[in-house]
Amino acid sequence: REAAAAELEEDEGEDANEDGFDIDGGFGSMDDDDFDDDDIDEDAVLPGYALAEDYVEGEEELAALDALNAMFDEEEEEDSLADKRRARKKSGPPAIICARCFALRTSGKVKNEAVEVLLPSFDFERVIGDSFEKLHAPGSAVVLLMADLLDFDGSFPVDALDVIEPYVESGVVDVLLVANKVDLMPVQCTRTRLTSFVRRRSKAFGLSRVAGVHLVSAKAGMGVAILAEQLEQMLDRGKEVYVVGAQNAGKSSLINRLSQRYGGPGEEDGGPIASVLPGTTLGMVKLPALLPNGTDVYDTPGLLQPFQLSSRLNAEEMKVVLPNKRVTPRTYRIEIGGTLHIGGLCRIDLLDSPQRTLYLTVWASNKVATHYTTSSKTADTLLEKHAGTKLTPPVGELRVKQFGAWGHRTLNVYGEDWQKATRDITIAGLGWVSVGCNGNASFRVWTHEGVQVETREALIPDMDKALMSPGFSFENVGGSGSARKPNDRANRQRGRGGGR
C-alpha cells in the first residue's frame, strides 16, 4: 500500500511539471532565476493594443475627460462653501441665546408657558408699514407671502395683505406667493391644479398682482431651488426681502433653507428657530446679506389668526392636527339626518339634500379621528362621552372646556355633480370637507366659538373609492390603507347610481 501511494505522488508531480504549475500553488518548473531582464522586449505590443506615447485622444475622449473633471470641480466648490461656513462659525464669537430660545431649540417647548401671555404682540401694521413708507423706487422690496396649502384659507395673512396691497398696486413691492407643505398634499393634487387654485384664491382675498407662485416644502426642500432662481433674477443691490405669513406657515424653515443654499447658517447653527408652537419669533429679525448681492432678509413673526383652531392647541395636540405625511381621503356616504364628527373640534349635520344621500370627503391629518352616525339624535351624547379620549383633539377631558363655547351655523352648499366634489367646507386650522351632490344641500356645522367656517370651490374633486363605514375612523382604517374596512353595501349602491 505504501509503495502504491509513493508511485501516485510521483506521477502527480510529473503531470504538474509538464503544465508548469505545482499543486501547492507555486510555479513548478519556473523560477525567478530563470528570467533575464535583458531578454524582455519592452517594445512588444499585443494585437489590438497601442503604446501609451503612440495613443492620441479623440474629441469624444477629451469631452468625457472634461465632464469628469467638471464634476470634481463642482464637488470642490461645494466643499469650499462648506469650509467657509465652518470657518465663519469658528472664527466668529460663540452664539449667545436666551433661555427661551434654548428650550425651543433643544426640546421644542417654551421654558415657562405662564410667561408667554405677558410677551408683547407684534404690531405688523406699524413696523412693516413704517419700513415700506421709506420705499419709493419701483421694485424696492420683495415680499415672500407664505400660506399653508393644507389650510390655505385659514392661513392666508389677510391682515398683512391690507398693509402690503397699496405698495403692490403702486409697484414699489413685488410679491412672490409661496404655498408651503406641498409634500403633504394628497397625490390627487397636480402642480397645475394647485397653482391655479392658489392664484384664484389669493385674488379672491384681494391680492391684485403676484410676480410668481411657488409650491414648496420648506422642511423637505422641494421647490426651494426654483424659488431661489427667481429671487436671484429679481434681487439687485439695495433691495430687501420680507418673509410674511401666519403662524406655522413655515417662514423660519424656508429662511433656513435659503440660508444654507448660499452657505449661511441653518437652524442648528444660529439660523431662525422653526417650531410648531405659535409665537416662536417675537419681533422682526434682520438677517444681513443672507441672499446674493448682499440682500438683507427680514423674518417677521407669525401672524396670529385667532379664527384658526390651531391657535388654540397645545404642543401635544399640534402633533395630532399637523400632519407629518401625505393626507389621504376619508369618504362617507351621508344620509339626511346623519352626523359626522371630526375629532372633538367639529361636527357636521346633514339637514337637507337634493337626494336621499350625498358624499362627504374629509381632508385632514390622518391622526385626527372621525366618527359617522346615521342619526344626529345621539350626537350630543357621543361628543360628551368621547371628546378628549376617542375624539381627539382636544387631548384630555379638561382641555375640552378650554376651547370656548360650542355652537353652530347653517351653511347652504350648491353642488354640481354627485360623482365628484365641486364645493368645500373649510374649518380654519383643521382642514376641509369636500361635498359631492347635485343640487342644494343644507348643513349645520358645529365648532368652537370664533372659528372660521367658510365654503369655496373644491380643491380636490376626487373621492376615495372605498367608502368609510359608520363608527370611528380608526375602526375603519386600522392604521394603514391596506387594512381598510369599507362599507361594501354603500359601495354596491354607489355603483348602481351613487347618491341618487
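The notes below deal with the structure included here.

Criteria and cut-off values
Residues numbered from 1 in each chain as written. Predicted model: local features only at pLDDT ≥ 70, side-chain atom pairs only at ≥ 80, totals over all residues. Heavy atoms only, no water. Pairing = 2+ DSSP bridges. Helix = DSSP H or I, 4+ residues; strand = E, 2+ residues; numbered from the N terminus. Axes fitted to C-alpha atoms, helices over the stretch in contact; angles between N-to-C directions. Contact = heavy atoms within 4.5 Å. Phe/Tyr/Trp six-rings, centres within 6.5 Å; stacked < 30°, edge-to-face > 60°. Lys NZ or Arg CZ within 6 Å of the ring centre and 35° of its normal. Parallel < 35°, antiparallel > 145°, perpendicular 65-115°, else oblique. Nonpolar A, V, L, I, M, F, W, Y, C, P; charged D, E, K, R; others polar. Buried < 20%, exposed > 50% of the residue type's maximum accessible area, 1.4 Å probe, protein only. Polar contact = N/O pair within 3.5 Å; in protein donor to acceptor, adjacent residues only side chain to side chain. Salt bridge = Lys/Arg side-chain N within 4 Å of Asp/Glu carboxyl O.

1. Here we look at the sheet that holds strand S3 (residues 212–215)
Turning to step 1, where the next piece is worked out: Strand order in the open sheet formed by six strands is S3-S2-S1-S4-S6-S5, and the pairing between neighbours is mixed. Looking at which strands have only one partner, the edges of the open sheet turn out to be S3 and strand S5 (285–291). Ignoring which end each strand starts from, the neighbouring axes of this sheet average 25° apart.
Turning to step 2, where the next piece is worked out: Judged from the six bridges that link them, strand S1 (residues 141–148) and strand S4 (residues 240–245) form a sheet pairing that is parallel. Within S4, the position partnered with Leu145 by the bridge is Val244.
Turning to step 3, where the next piece is worked out: Sheet contacts for helix H5 (residues 124–133): S1, strand S2 (173–180) and S4; angle to S4, the most-contacted strand, approximately 160°.
Turning to step 4, where the next piece is worked out: Where helix H9 (residues 224–234) meets the sheet, its contacts fall on S1, S2, S3 and S5, and the angle it forms with S2 comes to roughly 175°.

2. Points about the packing of aromatic side chains
Turning to step 1, where the next piece is worked out: Enumeration according to the criterion identifies nine aromatic pairs in this entry.
Turning to step 2, where the next piece is worked out: Taken together, a centroid distance of 4.8 Å and an interplanar angle of 15° make the contact between Phe156 and Phe205 stacked. Residue Phe156 is found in the loop between helix H6 (152–155) and helix H7 (158–170), and its partner Phe205 is found in helix H8 (residues 191–205); the two are separated by 49 residues along the sequence.
Turning to step 3, where the next piece is worked out: An aromatic cluster is defined as three or more aromatic residues linked by ring pairs; in this entry it consists of Phe132, Tyr167, Tyr242 and Tyr298.
Turning to step 4, where the next piece is worked out: The positively charged end of Arg201 is found above the aromatic ring belonging to Phe205, 5.4 Å away from the centroid.
Turning to step 5, where the next piece is worked out: Positioned above the aromatic ring of Trp432, the side-chain terminus of Arg456 is 5.3 Å from the ring centre.

3. Overview of the packing of H9 against helix H10 (residues 251–261)
Turning to step 1, where the next piece is worked out: Contact geometry of H9 with H10 gives a least axis separation of 11 Å together with a crossing angle of 70°. Our classification of the angle between H9 and H10 gives roughly perpendicular. Facing Val224, Ala225, Leu227, Ala228 and Leu231 of H9, the residues of H10 in contact are Leu254, Arg257, Leu258 and Arg261.
Turning to step 2, where the next piece is worked out: Looking at the contact of H9 with H10, its residues break down into seven nonpolar, no polar and two charged.

4. Brief notes about the packing of H5 against H7
Turning to step 1, where the next piece is worked out: Relative orientation of the contacting elements H5 and H7 amounts to 10°, with a least axis distance of 10 Å. With respect to H7, the axis of H5 lies roughly parallel. Counting all contacts with H5, which are made through Phe124, Glu125, Gly129, Phe132 and Glu133, the residues of H7 involved are Ala160, Val163, Ile164 and Tyr167.
Turning to step 2, where the next piece is worked out: Grouping the amino acids of the contact of H5 with H7 by side-chain chemistry returns six nonpolar, one polar and two charged.

5. A short note on the environment of Arg326
Turning to step 1, where the next piece is worked out: Among the secondary structure elements, Arg326 is positioned in the loop between helix H11 (315–321) and strand S7 (330–335).
Turning to step 2, where the next piece is worked out: On the basis of relative accessible area, Arg326 is assigned to the partly exposed category, the value being 39%.
Turning to step 3, where the next piece is worked out: As for Arg326 and Met185, which are separated by 141 residues in sequence, their C-alpha atoms are 5.6 Å apart.
Turning to step 4, where the next piece is worked out: Sequence-distant contacts of Arg326, that is, excluding residues within four places in its chain, are made with Val182, Asp183, Leu184, Met185, Pro186, Val187 and Asn366.
Turning to step 5, where the next piece is worked out: Here the side chain of Arg326 touches Met185 through a polar contact of 2.5 Å, landing on its backbone oxygen.

6. Examining H10
Turning to step 1, where the next piece is worked out: Among all positions of H10, only Lys251, Ser252, Leu254, Ile255, Asn256, Leu258 and Ser259 are buried.
Turning to step 2, where the next piece is worked out: For H10, the elements touching its buried residues are S1, S2, H9, S4, S5 and strand S6 (295–299).
Turning to step 3, where the next piece is worked out: Residue Gly263 follows H10 closely and has a positive phi angle near 80°.

7. Details of the pattern of salt bridges
Turning to step 1, where the next piece is worked out: Scanning the model with the defined rule gives 13 salt bridges in all.
Turning to step 2, where the next piece is worked out: Note that Asp153 and Arg456 form a salt bridge whose closest N and O atoms lie 3.1 Å from each other. On the criterion of sequence distance, the pair formed by Asp153 in helix H6 and Arg456 in strand S15 (residues 453–457) is long-range, its members being 303 residues apart.
Turning to step 3, where the next piece is worked out: Using a relative accessible area of 4% as the deciding quantity, one classes Asp153 as buried.

Just distances and angles here, no functional claims.
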